[in-house]
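In case you want the letters, here they are:
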Amino acid sequence: MVTGAVSSTKAAIKKESSAKRKTPPAQEDNTEPEEVIIFNVMAPSGHRFNGTDLLNAFMNAGLKFGDMSIFHLYNAHNEVIFSLANMVVPGTFNLSEMASFESPGVSLFLSLPTTVESMDAFEKLVGVAKQLSSELGGELKDENRSVMTGQTIEHCRARVAEFERKRRLAHA
């Protein structure tokens, strides 16, 4: 069931990246993200998260249900900062079935470039991922579903910084 969730997450990322940009149609480039940072929050081995617990944790973290039937964190200008999808294909949530819903985990993803400051978005991603992991009693994992260490988070932070550096150089 979880197999193929990475491709499902990537498909959601492609859709989300074109949906989230608030640029005029003439400027819309519909390109895929140049960089994607993915964190996973997984239930302990042999367990699943209860849908009601997930929904409560999402609300406590400020996530809102939105486009593509997944959750998003928005800024004050209603721009998507990052998104959260179910790990199980097709990656969506059905709000009317959350009471009976279960999942082995969720994937949080930040698509770069973004309409907000990249490093701020990354720090929000880290904070929400840690909050969800703690509140749900889950395990924080990287994009390969390996244990997320401080070193892994620093590596992701460096990826974001390098992305921004290259972007500034390209626009200089």
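Attention here is on the structure that accompanies the text. (Residues numbered from 1 in each chain as written. Predicted model: local features only at pLDDT ≥ 70, side-chain atom pairs only at ≥ 80, totals over all residues. Heavy atoms only, no water.)

Going through the model one piece at a time under the given rule, you end up with eight salt bridges. Connected through shared salt-bridge partners, Glu35, Glu143 and Arg159 make up one network. (Salt bridge = Lys/Arg side-chain N within 4 Å of Asp/Glu carboxyl O.)

Moving on, we come to unusual backbone geometry. Residue Val89 is joined to Pro90 through a cis peptide bond whose omega torsion reads 15 degrees. Locating Pro90 in the fold gives a position in the loop between β5 (80-86) and β6 (102-103). Between Leu112 and the following residue, Pro113, the backbone shows a cis peptide bond with an omega angle of 5 degrees. Among the secondary structure elements, Pro113 is positioned in the loop between β7 (105-112) and α3 (118-136). The phi dihedral of Asn78 falls on the positive side, at around 60 degrees, and the residue is not glycine. Along the chain, Asn78 turns up in the loop between β4 (70-74) and β5. On the basis of relative accessibility, which here comes to 46%, the residue Asn78 falls in the partly exposed class. (Helix = DSSP H or I, 4+ residues; strand = E, 2+ residues; numbered from the N terminus. Buried < 20%, exposed > 50% of the residue type's maximum accessible area, 1.4 Å probe, protein only.)

With that settled, consider the packing of α3 against helix α4 (residues 150-170). Describing two packed helices takes the angle between their axes plus the distance from one axis to the other. Where α3 meets α4, the closest approach of the two axes is 9 Å, and the angle between their N-to-C directions is 160 degrees. Here α3 lies roughly antiparallel to α4, going by the angle between them. Crossing of α3 over α4 shows right-handed handedness. Residues Ser118, Met119, Phe122, Glu123, Val126 and Lys130 of α3 form the contact with α4, whose participating residues are Ile153, Cys156, Arg157, Val160, Ala161 and Glu164. Broken down by class, the residue content of the contact of α3 with α4 amounts to seven nonpolar, one polar and four charged. (Axes fitted to C-alpha atoms, helices over the stretch in contact; angles between N-to-C directions. Parallel < 35°, antiparallel > 145°, perpendicular 65-115°, else oblique. Left-handed = near helix turned anticlockwise from the far one by under 90°. Contact = heavy atoms within 4.5 Å. Nonpolar A, V, L, I, M, F, W, Y, C, P; charged D, E, K, R; others polar.)

Moving on to helix α2 (residues 51-60). Within the sequence span of α2, burial applies to Gly51, Leu54, Ala57 and Phe58. Looking down the long axis of α2, one finds its buried residues gathered within 125 degrees of arc, a one-sided arrangement. The inward-facing, buried residues of α2 contact β2 (49-50), β4, β5, β6, β7 and α3. Backbone nitrogen of Thr52 and a side-chain oxygen of the N-cap are separated by 2.7 Å at the start of α2; the cap is Asn50. Following α2 by one or two positions, Gly62 adopts a phi angle in the positive range, close to 85 degrees. (Arc of directions from axis to C-beta. Polar contact = N/O pair within 3.5 Å; in protein donor to acceptor, adjacent residues only side chain to side chain.)

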